[in-house]
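Structural features, examined
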Amino acid sequence: MTPLVDTFGRLHDNLRISVTDRCNIRCFYCMPEEGVKFEPRENILTFEEIERFVKIAVTMGIRKLRVTGGEPLVRKGLPALIRKLVAIPGIQDLALTTNGVLLAQHAQELYDAGLRRINVHLDTLDRERFKHITRRDDLDKVLNGIELCRKLGYGPIKINAVAVKNLVEPDVVELARFGRERDIEIRYIEFMPLDAQGIWERDRVLTMDTMIAMLQREIGPLEEIPDADPRAPATEYRFKDGVGRVGFIASVSKPFCLNCNRVRLTSDGKLRYCLFAIDETDVKSLLRSNAPDSAIVEAVRSCVADKWIGHEINTQKFVPPPRPMYSIGG
Ligand code: SAM
Ligand code: SF4
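Okay, so let's go over this structure. None of the values given here were measured: they were computed from a predicted structure.

**Description of the site of ligand 1**
Ligand 1 sits among 18 residues. The nearest are Tyr29, Gly70, Glu71, His121 and Met192. Gly70 has a polar backbone atom sitting 3.0 Å from a nitrogen atom of ligand 1. Within the side chain of Glu71, an N or O atom sits 3.1 Å from a nitrogen atom of ligand 1. Among the secondary structure elements, those contributing two or more residues to the shell around ligand 1 are β3 (93-98), β5 (157-163) and β6 (185-190).

The structure is reproduced here in structure tokens:
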């Protein structure tokens, strides 16, 4: 089958699958503290529906999967889905993004199901700041989960840290030191306008350049990794002393849309060509109406064909997407 190439020539081989919009913590840049309206359970794709969709997507050239949410570990029986996805011929890479709170409980089972790559979301090593950001007191659980994953042999383990200005500056260097001691890459993600309460402001984005300057001043020189995958969202650096690496997802200060190779399936079965897309393609109705594979192929193609050249955060025209991060799947 012809590969999934959009009108700007970008090849799509990467699918992010959200398995739930629910979460066990409440990061302020993603969810409101209270009163979150979750999708009714019957609207959430079953594991069988996800598996069928992925099998069809593989025939169109999808090779890499990332399971995300909401918090994917609150979805019951997740290891069973991981087992199904790993077994699909053609899938070359499977990773999970989690907040880590339930990781110690599930890491062994997920490893046994075939998961090896994991990104743990952790913005700070300071308990009070963790409580402030997540509105929960769960830092120790996350740290225990990371330690267990190291012992079990997961790799690579990466940490996702959301970079909010006037808040996490003390954490940038501390996290990098934590990563250097454990051979864990820290990926700093610029704060994006995807929060549920509309609190994002450009002035609250801690930018890649600022963080690089902080790291070089406090730890030592960094150099860009020359052979890094040009289609990966993060710009990756290593410390020149040979110990440790860091990555930056500079979606706001240096958008990487021209290299984008991703599509996203939401937990309620909508396909999106961009985190910031306004439109989405309903594949759940097709999956639930016994539509033939060819109809699903057509829906995926039409979604990718509609893909824009890039988000418009840096223009006056920018309109935030109608769903916040937890509901899209980050
Ligand atoms: N619950 C999991 C977690 O937190 O990793 C998976 C889903 S979460 C929506 C995926 C990622 O989105 C998180 O790792 C976090 O770094 C990122 N994120 C959430 N809200 C964000 C925002 N407003 N700006 C930038 N990144 C954000
Ligand atoms: Fe939950 Fe992840 Fe959103 Fe934080 S970023 S509230 S952990 S879904």
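**Quick word on the sheet that holds strand β12 (residues 281-282)**
Here we have twelve strands laid out as an open sheet, ordered β7-β8-β9-β6-β5-β4-β3-β2-β1-β10-β11-β12, and mixed in their pairing. Two strands in the sheet have a free side with no partner beyond their single neighbour: β7 (222-224) and β12. Bridging between β5 and β6 involves six bridges; their strand directions are parallel. Across the sheet, the residue bridging to Asn160 is Arg187, located in β6. Strands in contact with helix α1 (residues 47-59) are β1 (14-18), β2 (64-68), β10 (262-265) and β11 (270-272); relative to β1, the strand with the most contacts, it is inclined by about 170°.

**What about the pairing of β5?**
Of all seven residues making up β5, seven are buried, and the element is well covered by its neighbours. Of the strand pairs in this sheet, strand β4 (residues 117-121) and β5 are connected by four bridges, and their pairing is parallel. Directly across from Val120, in β5, lies its bridge partner Ile159. Handedness of the crossover is the feature at issue here: the chain leaves β5, passes through helix α6 (residues 169-182), returns alongside β6, and the resulting connection is right-handed.

**Looking at helix α9 (residues 293-305)**
In this model α9 runs 18 Å from its N-terminal to its C-terminal C-alpha over 13 residues, within 8% of the 18 Å that 1.5 Å per residue would give. Buried within α9 are the following residues: Ile296, Val297, Ala299, Val300, Cys303 and Val304. One side of α9 holds all its buried residues, which, seen down the axis, span an arc of 160°.

**Description of the packing of α1 against α9**
At a minimum axis distance of 10 Å, the contact between α1 and α9 shows a crossing angle of 70°. Judged on the interaxial angle alone, α9 and α1 are roughly perpendicular. Where α1 approaches α9, its residues Arg52, Phe53 and Ile56 are matched on the opposing element by Asp293, Ile296, Val297 and Val300. Here the contact of α1 with α9 is composed, by residue class, of five nonpolar, no polar and two charged.

**Let's talk about empty space enclosed by the protein**
This structure, assessed with the given rule, holds two cavities of 30 Å³ or more. Volume-wise, the largest cavity comes out at about 60 Å³. Surrounding the largest cavity, Ile25, Cys27, Tyr29, Asn99, His121, Leu122, Asp123, Thr124, Phe130, Ile133 and Thr134 form its lining. The leading source of residues in the lining of the largest cavity is helix α4 (residues 127-134), at three residues. Here the residues of the lining of the largest cavity sort into six nonpolar, four polar and one charged. Reported here for the second largest cavity is a volume of approximately 30 Å³.

**Things to note about the nonpolar core**
If you look at the biggest cluster of nonpolar residues, it comprises 109 residues, and the most contacted ones within it are Leu15, Phe53, Val54, Leu85, Tyr188 and Val246. Sorting elements by how many residues they give to this core places α1 first, with seven residues. Residues within four places of Tyr188 in sequence aside, it is in contact with Ala161, Val172, Leu175, Ala176, Met211, Leu215, Val246, Gly247, Phe248 and Ile249.

Parameters and conventions
- Residue positions within a chain follow its written sequence, with the count starting from 1.
- A letter from A marks each chain and a number from 1 marks each ligand, given out in the order of writing.
- Totals for whole chains, interfaces and linings use every residue, but because this is a predicted model, local features are given only for residues with pLDDT of at least 70 and side-chain atom pairs only at 80 or more, for both listing and counting.
- Hydrogens and water are ignored here; the side-chain numbers use all heavy atoms of the structure.
- For this description, a residue counts as near a given molecule or strand if any of its non-hydrogen atoms is within 4 Å of it.
- Polar contact criterion, stated in full: a pair of N or O atoms within 3.5 Å, where within protein one must be able to donate a hydrogen and the other to accept it, and residues adjacent in sequence count only if both atoms are side-chain atoms.
- Strands are runs of DSSP state E lasting at least two residues, helices are runs of H or I lasting at least four, and both sets are numbered from the N terminus onward.
- The criterion for strand pairing is that DSSP finds at least two bridges linking the strands in question.
- Here, residues are in contact when the closest pair of their heavy atoms is within 4.5 Å.
- Only the stretch in contact is used when fitting a helix axis, every axis being a line fitted to C-alpha atoms; angles between N-to-C directions are given from 0 to 180 degrees.
- Each residue is assigned to one of three classes by its accessible area relative to the maximum for its type, calculated with a 1.4 Å probe on protein chains only: buried under 20%, partly exposed between the two thresholds, exposed over 50%.
- Convention used here: a crossover is right-handed provided that the path from the first strand, over the helix, to the second strand proceeds clockwise when the strands point away from the viewer.
- To estimate the expected span of a helix, subtract one from its residue number and multiply by 1.5 Å.
- The directions from the helix axis to the C-beta atoms form the arc being described.
- Oblique is the label for any angle not under 35 degrees, not over 145, and not in the 65 to 115 range, which are roughly parallel, roughly antiparallel and roughly perpendicular in turn.
- Residue type decides the class: Asp, Glu, Lys and Arg count as charged, Ala, Val, Leu, Ile, Met, Phe, Trp, Tyr, Cys and Pro as nonpolar, and the leftover types, Gly among them, as polar.
- Detection works on a 1 Å grid of protein atoms alone, calling trapped sets that fit a 1.4 Å probe cavities and calling open sets with protein on both sides within 12 Å along at least five of seven lines pockets, with lining residues defined by an atom within 4 Å of a point.
- Grid points are joined across faces, edges and corners, and a volume is the space filled by probe spheres set on the points.
- We define a nonpolar core as any set of buried Ala, Val, Leu, Ile, Met, Phe, Trp, Tyr and Cys residues linked to one another through side-chain atoms lying within 4.5 Å.

Purely geometric numbers; function is a separate question.
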